[in-house]
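# Per-entry structural report
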Amino acid sequence: MADGVIAAETVPHCLIPSPRAYLLALIGPTYEEPRAEFDYIVDFLTVILPKSQFDREKNVSRPKEGRCELTIPSQHNKGEEIHYATVRTFTAQEVERIRSFNADAVIICEAGGISREGFYNILGRVLSTGGFVLGSGTLESSQK
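Procedures and definitions
- Residues numbered from 1 in each chain as written.
- Predicted model: local features only at pLDDT ≥ 70, side-chain atom pairs only at ≥ 80, totals over all residues.
- Heavy atoms only, no water.
- Helix = DSSP H or I, 4+ residues; strand = E, 2+ residues; numbered from the N terminus.
- Buried < 20%, exposed > 50% of the residue type's maximum accessible area, 1.4 Å probe, protein only.
- Contact = heavy atoms within 4.5 Å.
- Areas by Shrake-Rupley, 256 points an atom, 1.4 Å probe, with all protein chains shown as cover.
- Lys, Arg positive; Asp, Glu negative; His and termini not counted.
- Charge placed at Lys NZ, Arg CZ, Asp CG, Glu CD.
- Pairing = 2+ DSSP bridges.
- Axes fitted to C-alpha atoms, helices over the stretch in contact; angles between N-to-C directions.
- Parallel < 35°, antiparallel > 145°, perpendicular 65-115°, else oblique.
- Left-handed = near helix turned anticlockwise from the far one by under 90°.
- Nonpolar A, V, L, I, M, F, W, Y, C, P; charged D, E, K, R; others polar.

## Describing the overall build of the protein chain
Counting secondary structure elements, the protein chain contains 5 helices and 8 strands. The order of α-helices and β-strands along the protein chain, N terminus first, is α-β-α-α-β-β-β-β-β-α-β-α-β. Its C-alpha atoms give the protein chain principal-axis dimensions of about 55 × 30 × 25 Å. In the protein chain, which comprises 144 residues, the proportion classed as buried is 42%. Long-range contacts, defined here as pairs at least 24 residues apart, represent 65% of the contacts in the protein chain between residues at least 6 apart. Total accessible area on the protein chain is roughly 8000 Å²; 51% of this is exposed by carbon and sulfur atoms. For the protein chain, the separation between the mean place of its 15 positive charges and that of its 19 negative charges on side chains is 4 Å.

If you want it as structure tokens, here you go:
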């Protein structure tokens, strides 16, 4: 997929107002693969949202290695709290950990590098919420 296409597809889902906080998971074979898509999502949100709603300095955690996370802060409207997405990176190397959370959506980065067991675990995390899965990257047969 062209650079940023899967991120561009993901961003509108980050902006859906909800009565509860929800999770969009970016999963790759390691933490490294989802970083590019994470960065594109941050860039898109920085451009389209006012700094008062999304501030790269306050709402994004991106260490040099490991898990990245961003949260679009909740807002109050007529006494109701309106939530938006948290986007968090995960690694499929931790297959057991994939079973430890429920995601409202999963973006698989470099899908060809995910094991069959990992893929089934990912589906289980999304089926429990009625969410969706998008995949991008290297096809399995091209890695041989």
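So much for the structure itself; the text now carries on.
## A closer look at the sheet that holds strand β7 (residues 105-109)
The 6 strands are arranged β2-β3-β6-β1-β7-β8 in an open sheet whose pairing can be described as mixed. Of all the strands in the sheet, the pair left with one neighbour each is β2 (60-61) and β8 (132-136). Bridge analysis of β7 against β8 gives 5 bridges, and the strand direction is parallel. Bridge pairing in β8 places V106 opposite V133. Along the sheet, helix α2 (residues 33-48) makes contact with β1 (22-28), β2, β3 (69-71), β6 (85-91) and β7, crossing β1 at roughly 140°.

## Brief notes about the packing of helix α1 (residues 5-14) against α2
With their axes 9 Å apart at the nearest point, α1 and α2 run at an angle of 55° to one another. As judged from the angle between their axes, α1 and α2 are oblique. Crossing handedness for the pair α1 and α2: right-handed. Of α2, the residues touching α1 (which contributes I6, A7, A8, T10, V11 and C14) are E37, Y40, I41, F44, L45 and I48. By residue class, the composition of the contact of α1 with α2 is 10 nonpolar, 1 polar and 1 charged.

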